[in-house]
Amino acid sequence: MPPRPMNDEEVLSEMNKMVAFIKQEALEKAREIKVKADEEFAIEKAKLVKQEQQAIDAQFEKKRKGAEVAQKIAQSNLTNKSRLKLLQRREEQLQELFSIARTSILTFAEDEGRYSQFLEGAVVQGFLQLMETRVTLHVREQDADIVKMAGELAADTYTGISGREVSFELETTLSKDCAGGVKLVSSSRRITIDNTLDERLRLLEDKMLPEIRRDLFGPNENRKFYT
């Protein structure tokens, strides 16, 4: 027996069920879309926040490093300035010491006995270095007489040591500003032996400078060996 056709109420009821089903499906779908959208938004938001935080951290780190570098440069400049000032003061003290020594040798030539002995020794030393038969002695004008006597004694001493004869002549060419002493020049004028007091002091300064620095200022921590 074929089914009977639905009446109007039954058709309306079925339509209402279908509408309710479609509506429910739509609500479920809308809920799923919202949940997924919220999840994607949260993920994107977290990603953006992380990126921004990393950018802020990187900028802060850059500024921190820049500040550290600037501080190190400033400290280095300050240290260098302090070191240069200390070195300058030490150099001034050394020059004061050498100035005192230069003043002392200016009065040395006034002691005729000691000065004569020095001249004789300086001339003997020069004769032995040159080993020539004729030598020119360059002296200050005021020292001509005392050097002549010292030269004669030195020539005798030289002959006794070397077995050779030597003669000399004087030239008063040394500046009056020179502290004293003598320069010996070979007959060919190619060799000069500087035995002036000024040169002796300069050589002594060069030789004694490391020791003087050590005595005045203590060991230099930047140097392992000393001469």
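Now for a look at the structure at hand. Computed from a prediction, not measured in an experiment: that's the story for all the values here.

Things to note about the overall build of the protein
Working step 1: Broken down by element type, the protein carries 4 helices and 4 strands.
Working step 2: In sequence order, the protein lays out its α and β elements as α-α-β-α-β-β-β-α.
Working step 3: Only carbon and sulfur atoms are counted for the fraction: they give 56% of the accessible area of the protein, which is about 17,300 Å².

Here's the deal with the pairing of strand 4 (residues 192-196)
Working step 1: Here strand 3 (residues 181-186) pairs with strand 4 via 5 bridges, running antiparallel. Looking across to strand 4, one finds that Lys183 is bridged to Asp194.
Working step 2: Between strand 3 and strand 4, which pair antiparallel in sequence order, lie 5 residues; one of them, Arg189, sits at a positive phi of approximately 65 degrees.

Things to note about the sheet that holds strand 4
Working step 1: Within the open sheet, the 4 strands sit side by side as 2-1-3-4. Their pairing is mixed. At either end of the open sheet lies a strand with only one pairing partner, and these are strand 2 (167-171) and strand 4. Across the sheet, the mean angle from the axis of one strand to that of its neighbour is 20 degrees, orientation sign disregarded.
Working step 2: Examined bridge by bridge, strand 1 (residues 134-138) and strand 2 share 5 bridges and lie parallel to one another. Along strand 2, the bridge assignment pairs His138 with Glu171.
Working step 3: Strands strand 1, strand 2, strand 3 and strand 4 of the sheet are contacted by helix 2 (residues 112-130), whose axis makes an angle of about 20 degrees with strand 3.

So, how was this worked out
- The numbering scheme is per chain: residues are counted from 1 as the chain's sequence reads.
- Local features in a predicted model are, by the rule used here, given only for residues with pLDDT of at least 70; side-chain atom pairs are given and counted only at 80 or more, and totals for whole chains, interfaces and linings are based on all residues.
- Side-chain figures throughout are based on the complete set of non-hydrogen atoms in the structure, without hydrogens or water.
- By definition, any uninterrupted DSSP run of H or I lasting at least four residues is a helix, any uninterrupted run of E lasting at least two residues is a strand, and each is numbered from the N terminus.
- Here, Shrake-Rupley sampling with a 1.4 Å probe gives the accessible areas, and only protein chains in the shown set may cover a residue.
- Criterion used throughout: strands pair if DSSP finds at least two bridges between them.
- Angles here are taken between N-to-C directions and fall from 0 to 180 degrees, while the axes themselves are lines fitted to C-alpha atoms, restricted in helices to the stretch in contact.
- Whether two residues touch is decided by their heavy atoms; if any such pair falls within 4.5 Å, the residues are in contact.

Read these as layout, nothing more, since geometry by itself doesn't imply function.
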